[in-house]
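Take a look at the letters that make up each chain.
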Amino acid sequence: MRKSYPHLFGQTLAALILAGGESSRMGRDKALVNYDGVPMLQRVYQVAANCTEQVYILTPWAERYQNILPSNYNYLIETNPGKGPVNGLSEGLEQISAEWILLLACDLPLLDVEIIQSWINILPQIPPSTLALVPQRSQIWEPMCAFYRQEIKAELQTFLKAGNRSFQKFLSGIEVEALAVDEKTAFMLHNCNYPKDLEI
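As a starting point, this report considers the structure included with it. Since we're looking at a predicted model, the values are computed, not measured.

Rules behind the numbers
Residues numbered from 1 in each chain as written. Predicted model: local features only at pLDDT ≥ 70, side-chain atom pairs only at ≥ 80, totals over all residues. Heavy atoms only, no water. Helix = DSSP H or I, 4+ residues; strand = E, 2+ residues; numbered from the N terminus. Buried < 20%, exposed > 50% of the residue type's maximum accessible area, 1.4 Å probe, protein only. Core = buried A, V, L, I, M, F, W, Y, C linked by side-chain atoms within 4.5 Å. Contact = heavy atoms within 4.5 Å. Pairing = 2+ DSSP bridges.

Considerations on unusual backbone geometry
Residues other than glycine predominantly adopt negative phi, and peptide bonds predominantly adopt the trans conformation.
Then, number 1: One non-glycine residue, Asp 36, lies in the positive phi region at around 55 degrees.
Then, number 2: Position of Asp 36 relative to the elements: it lies in the loop between strand 2 (34-35) and strand 3 (38-39).
Then, number 3: For Asp 36, a relative accessible area of 67% translates into the label exposed.

Structure (structure tokens):
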């Protein structure tokens, strides 16, 4: 049965999952850590695949995930691992041509398809000058479950060339539309950096 995706009125959307971190706080590769019996990367991939036909994983070690993902999954080789998610987004945009990128961390096991699809439905209404659609709570951006226009690429490259790496700093310097974070959304955005975070 063919999946039904949100209608973007001619715009294209791809999901980019970052799976290249060192996972030093977790003590092992977070992507392979089970949450409720399922590897976290597999959970994130399944949600992304329910939101768009184009799903990519940026990682320096693609072979590591072959046993938990579909045999035909798309991966992009990360050439500068360990440089942070801003660099990961920049590398992804260099290789993906979609107009919008849904950026996802691999350690978000509680992602909700319904919430993300409701955000996708907003994309055709976003003014061309707005470069990103990002959840925000208490003045803090949640950039690892957010949408970025292809046109943000130049801004990213300038930011990185200046030696910057902070997503909070980057988003404070461009035009962003904030997504409100209610209790249900906050639960969805729970990420797992430490072993204790798996207990929620």
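More follows now that the structure is in view.
Digging into the nonpolar core
Then, number 1: Within the largest apolar cluster, 68 residues are counted, with the highest numbers of intra-cluster contacts made by Leu 16, Ile 17, Leu 41, Ile 116, Phe 147, Tyr 148 and Leu 171.
Then, number 2: In this structure Ile 17 touches Leu 41, Val 44, Tyr 45, Ala 48, Val 55, Tyr 56, Ile 57, Leu 58, Leu 104, Ala 105 and Cys 106, once residues within four positions along its chain are discounted.
Then, number 3: Within the second largest apolar cluster, 5 residues are counted, among which are Val 33, Tyr 35, Leu 110 and Cys 192.

So, the pairing of strand 1 (residues 13-18)
Then, number 1: The buried fraction of strand 1 is high, at 6 of 6 residues.
Then, number 2: Burial along strand 1 is two-sided: the face carrying Leu 13, Ala 15 and Ile 17 and the face carrying Ala 14, Leu 16 and Leu 18 are both buried.
Then, number 3: When strand 1 meets strand 6 (residues 100-105), the two strands line up parallel, connected through 6 bridges. Across the sheet, Ala 15 pairs through a bridge with Leu 102, a residue of strand 6.
Then, number 4: In this sheet, strand 4 (residues 54-59) lies alongside strand 1 in parallel orientation, the contact comprising 5 bridges. Across the sheet, the residue bridging to Ala 14 is Gln 54, located in strand 4.

What about the pairing of strand 6?
Then, number 1: In terms of burial, strand 6 is largely enclosed, as 6 of its 6 residues are buried.
Then, number 2: Of the two faces of strand 6, the one holding Trp 100, Leu 102 and Leu 104 and the one holding Ile 101, Leu 103 and Ala 105 are both buried throughout.
Then, number 3: Inspection of the sheet shows strand 6 paired to strand 9 (residues 145-149) by 5 bridges, in the antiparallel sense. Paired with Leu 102 across the strands is Phe 147, a residue of strand 9.

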